[in-house]
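# Structural description and commentary
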Amino acid sequence: MDSNQDMAIIKEKENLKFVIVGHVDHGKSTLIGRLFFDTNSLPMDKIYEFQQASRELGKGLEFAFLMDHLQEEREQGITIDTTQAFFKTQKREYVIIDAPGHVEFIKNMITGASQAEAAILIVDINKGVQEQTKRHSYILGMLGLEQVIVVLNKMDLVNYNEKRFNQVKKELEKFLYSINIKDQFYIPISASKGDNVAKKSINMDWYKGLTILESLDFLKTKRPPENKPLIFPVQDVYKIDNKRIVVGRIETGVIKKGQLIKVLPAGQIIKVKSIEKFSEDVNESHPGESIGITIQDPIFLERGNIICEPGKELSLTDTFKANVFWMIKEDFKKDESITLRCATQEILCKVEKIEKRIDSSSLEVIEENSNKLKNLEVGKIVIKTERPIAIKTFNDIQELGRFVFVKGNDICAGGIIMGIE
Amino acid sequence: MNHILKLENQSVFIIREAYRQFSARGRSASGGKNVAMLWSIGKDSTTLLWLCRKAFFGKIPFPVVHIDTGYKFKKIYQFRDKYTQKWNLNLIVCKNQEAMARGVSPDKGRLECCTELKTNALKQLITEEKFRALYLAIRRDEHGIRAKERVFSPRDENFKWNYKAQPPELWDQYKIKAKDEEHLRIHPMLGWTELDVWEYIKRENIPVISLYFAKDGKRYRSIGCEPCCNPIDSNADTMDKIIKELKTTTISERSGRAQDKEKVYMMQKLRSLGYM
């Protein structure tokens, strides 16, 4: 990394969100507590509150209590639900997302991880790769998280042994490579003692790399996808002061007053009459902006329409391949119709084929050409929607390459689009 | 786009998403009455109100609810009435008349007082008005329990928050359907910090109650009922000074709020009973 890029990181006043994942008891909550403690991010009265809560349970100061706030979590020493907290270094502000390590709470882990730009994968040096290490890693890959810092925790319990570190590192490298995760750093730490978290360890002379805090400052924040063609999913249409305002959020590209746009799925081409933001005069808008537009011709628009640029439009399709992660207790049966939501599009579909059912922990194929999916399984499937919709592969445009399945009142699976037929 | 604008745009997206799913447009003559916003008149909910005005181009299509315990600061009432008129709001003042008549008060027990005058007042209102979704300005950094929240968070008919089985949320896809007896708490500002709120208030010049600004070496950092709020030592009498103070403070925001303090799990208890 050259010095110019270094400067760019220093100037960055963005905050970066990262998630901490790993097997139960490998030390996620403790690491977070340590990060906060060593960066002086804890208010005095909070420290007092943790001491009080720890004392009531007859424990010493428990770092894990910082994130584990529910009574049940503290008493049982587990994390039930995902949570977020804020801390800053001199270079940047961070949001830490803590994700539960127990298999029962995997949908909470996914909820947390889906909001992150990077991840720390924590592994107990004594235990090595365990069930949730694998499942969480696989989910990170599926969510498209490309920046992963691997930390090997509890080094103090193996006398800071270099050989053991290299052994587990090798095991992890092989595994992460097999699921296409680009691990960037391997850091030997002790979260409870503080080695290589915010301060360089004095117990591991053999390790010449970065501390966790230093490695975090190397991560990159996500850049808005401006250079891609316009995608503006319609969220709603308001009638305000005799104006019909089409509202939504720009996912990719730029929209300008006066430009021609194409409305999918019907394909009408119309002109943008104005861009509407409350008490602002705007001529163009960029990705991430929640805006309204008015149009010149009186055509009917509704939620689920996708606005794009003529000539650079998305193709419509009703059949595509996807990987889905099933996350409710009830099985999915191939014959049932299910609702798919992708951006603001919502449509009934059928799963034509379940090519493979995969165990998300061992990553082994359980069955080929199956007719069901069970909780915590990944399916490689072929979906057929009732009508054609506007989608992309996940590798192409994430915003239109990911979807959820909804059953009854709840989201029951997340999926990414692998190929369009 | 800078950090504050990202937050603003994301909040507007969430506000519109909830309105689309839960308002009764087209189904009842009363317009979008199945949705409402809670306005405590504090800095956060006033910011949320500002964001709602942005989302709906200055015309908020649903009622704004003030839960009045009778113990609020006098300035709160003045501020409320001034901006209700100025922003043309459809204000509902919500009180638990029965509990107030019984003389429920903080000195007789804070858990009961908060539960009766806030939670149960709101329960009565929801039953009466049949609201399906309520916007609230809670933030993750305020309290560890609130940090566990979802953006769209269901409450059952008894107002219970089932924190052990929260619905998944991913890629801005939320729980947009609910059983008839449930209502959804919508939290568009969950990802904001206290500092973000003040930086946004400054950027947008949002009016806030004068109690937040230091007078004689004291200011309120968090505002609720007068008997249960304590000011902090501070000389921050302008927005800039408050922002500066927050960047270096070692005291947490709600340190002056009694309901967080009484017992370690008081907030969890309050929230599991339906508290905000």
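Residues numbered from 1 in each chain as written. Chains lettered and ligands numbered in written order. Predicted model: local features only at pLDDT ≥ 70, side-chain atom pairs only at ≥ 80, totals over all residues. Heavy atoms only, no water.

Here we come to the overall build of chain B. Secondary structure assignment for chain B yields 9 helices and 8 strands. Relative to a compact globule of 276 residues, whose C-alpha radius of gyration would be 19 Å, chain B shows 18 Å and is just as compact. Within chain B, buried positions represent 66% of all 276 residues. A separation of at least 24 residues holds for 72% of the contacts in chain B among residues at least 6 apart in sequence. When the accessible area of chain B is evaluated, it comes to approximately 10,500 Å², of which 48% is carbon and sulfur surface. Each charge class in chain B can be summarised by its mean position, and for the 51 positive and 34 negative side chains these summaries are 2 Å apart. (Helix = DSSP H or I, 4+ residues; strand = E, 2+ residues; numbered from the N terminus. Rg over C-alpha atoms; globule rule 2.2 N^0.38 Å. Buried < 20%, exposed > 50% of the residue type's maximum accessible area, 1.4 Å probe, protein only. Contact = heavy atoms within 4.5 Å. Areas by Shrake-Rupley, 256 points an atom, 1.4 Å probe, with all protein chains shown as cover. Lys, Arg positive; Asp, Glu negative; His and termini not counted. Charge placed at Lys NZ, Arg CZ, Asp CG, Glu CD.)

What follows covers the domain arrangement of chain A. Residue and element names in this part refer to chain A. Domain annotation of chain A identifies domain 1 (3-216), domain 2 (232-308) and domain 3 (316-420). Placing a centre on the C-alpha atoms of domain 2 and another on those of domain 3 gives a separation of 30 Å. Between domain 2 and domain 3, the buried area comes to about 710 Å², and carbon and sulfur atoms account for 73% of it. Taken together, domain 2 and domain 3 are joined by 0 salt bridges. Counting across the domain 2 and domain 3 interface gives 1 residue pair in polar contact (both at pLDDT 80 or more). Ranked by residue count, the leading element in the side of domain 2 that touches domain 3 is strand β7 (residues 232-240), at 3 residues. Grouping the constituent residues of the side of domain 2 that touches domain 3 by class yields 5 nonpolar, 4 polar and 2 charged. (Domains from an automatic or database assignment. Buried area = accessible area lost by both parts, 1.4 Å probe. Salt bridge = Lys/Arg side-chain N within 4 Å of Asp/Glu carboxyl O. Polar contact = N/O pair within 3.5 Å; in protein donor to acceptor, adjacent residues only side chain to side chain. Nonpolar A, V, L, I, M, F, W, Y, C, P; charged D, E, K, R; others polar.)

In this section: the environment of B:R150. Locating B:R150 in the fold gives a position in the loop between β4 (133-135) and β5 (152-155). Along the sequence, B:R150 and B:N96 sit 54 residues apart, while their C-alpha atoms lie 28 Å from each other. A distance of 2.8 Å separates the side chain of B:R150 from the side chain of A:N108, its partner in a polar contact.

What follows concerns the sheet that holds strand β1 (residues 35-38) of chain B. All names here are of chain B. The strand order across the open sheet built from 6 strands is β3-β2-β1-β4-β6-β5, with neighbouring strands paired in mixed fashion. The open sheet has two free edges, formed respectively by β3 (91-94) and β5, since each of these has just one partner strand. For this sheet, the mean angle separating the axes of adjacent strands, direction not counted, is 30°. Those strands touched by helix α2 (residues 43-55) are β1, β2 (64-67) and β4, and its axis lies near 145° from that of β1. (Pairing = 2+ DSSP bridges. Axes fitted to C-alpha atoms, helices over the stretch in contact; angles between N-to-C directions.)

Our focus in this paragraph is the packing of α2(B) against helix α6 (residues 194-204) of chain B. Residue and element names in this part refer to chain B. At a minimum axis distance of 10 Å, the contact between α2 and α6 shows a crossing angle of 55°. In this view, α2 runs oblique relative to α6, as classed from their interaxial angle. With respect to the hand of their crossing, α2 and α6 are arranged in left-handed fashion. Of α6, the residues touching α2 (which contributes K43, D44, T47, W50, L51 and K54) are E194, V197, W198, Y200, I201 and E204. Here the contact of α2 with α6 is composed, by residue class, of 6 nonpolar, 1 polar and 5 charged. (Parallel < 35°, antiparallel > 145°, perpendicular 65-115°, else oblique. Left-handed = near helix turned anticlockwise from the far one by under 90°.)

Residue and element names in this part refer to chain A. What the 6 strands build is an open sheet, ordered β2-β3-β1-β4-β5-β6; its pairing is mixed. The open sheet has two free edges, formed respectively by β2 (83-88) and β6 (183-188), since each of these has just one partner strand. Mean inter-strand twist for the sheet, computed between neighbouring axes without regard to direction, equals 25°. Across 6 bridges, strand β4 (residues 118-124) lies against strand β5 (residues 148-153) in parallel orientation.

With 92% of its residues at a pLDDT of 70 or more, chain B has an overall mean of 87. With pLDDT under 50 throughout, residues 26-32 of chain B is counted as low confidence; its partners more than four residues away or in other chains account for 7 contacts. (pLDDT = per-residue confidence, 0-100.)

This paragraph deals with the side chain of B:R185. All names here are of chain B. Mapped onto the elements, R185 comes out in strand β6 (residues 183-186). E149 provides the closest opposite charge to the buried, salt-bridge-free R185, at an N-O distance of 6.3 Å. At a separation of 3.1 Å, a polar atom in the side chain of R185 contacts the side chain of H183. Here R185 is in contact with L122, L134, L136, V151, F152, S153, R155, F159, G274, Y275 and M276, once residues within four sequence places are set aside.

Residues and elements named next belong to chain A. In this structure, I47 sits in helix α3 (residues 44-56). A C-alpha to C-alpha distance of 8.7 Å links I47 and L66, two positions 19 residues apart in sequence. Apart from residues lying up to four places away in sequence, I47 is in contact with F37 and L42.

Turning our eyes to something else, we now look at unusual backbone geometry. In this structure, the amide linkage connecting A:L264 to the following residue, A:P265, adopts the cis form with an omega of 10°. Relative to the elements of secondary structure, A:P265 occurs in the loop between β10 (260-264) and β11 (268-277). The phi torsion at B:I41 lies on the positive side, around 75°, for a residue other than glycine. Among the secondary structure elements, B:I41 is positioned in the loop between β1 and α2. Positive phi, normally seen in glycine, also occurs at B:W171, with a value near 55°. Tracing the sequence through the fold places B:W171 in the loop between β5 and β6.

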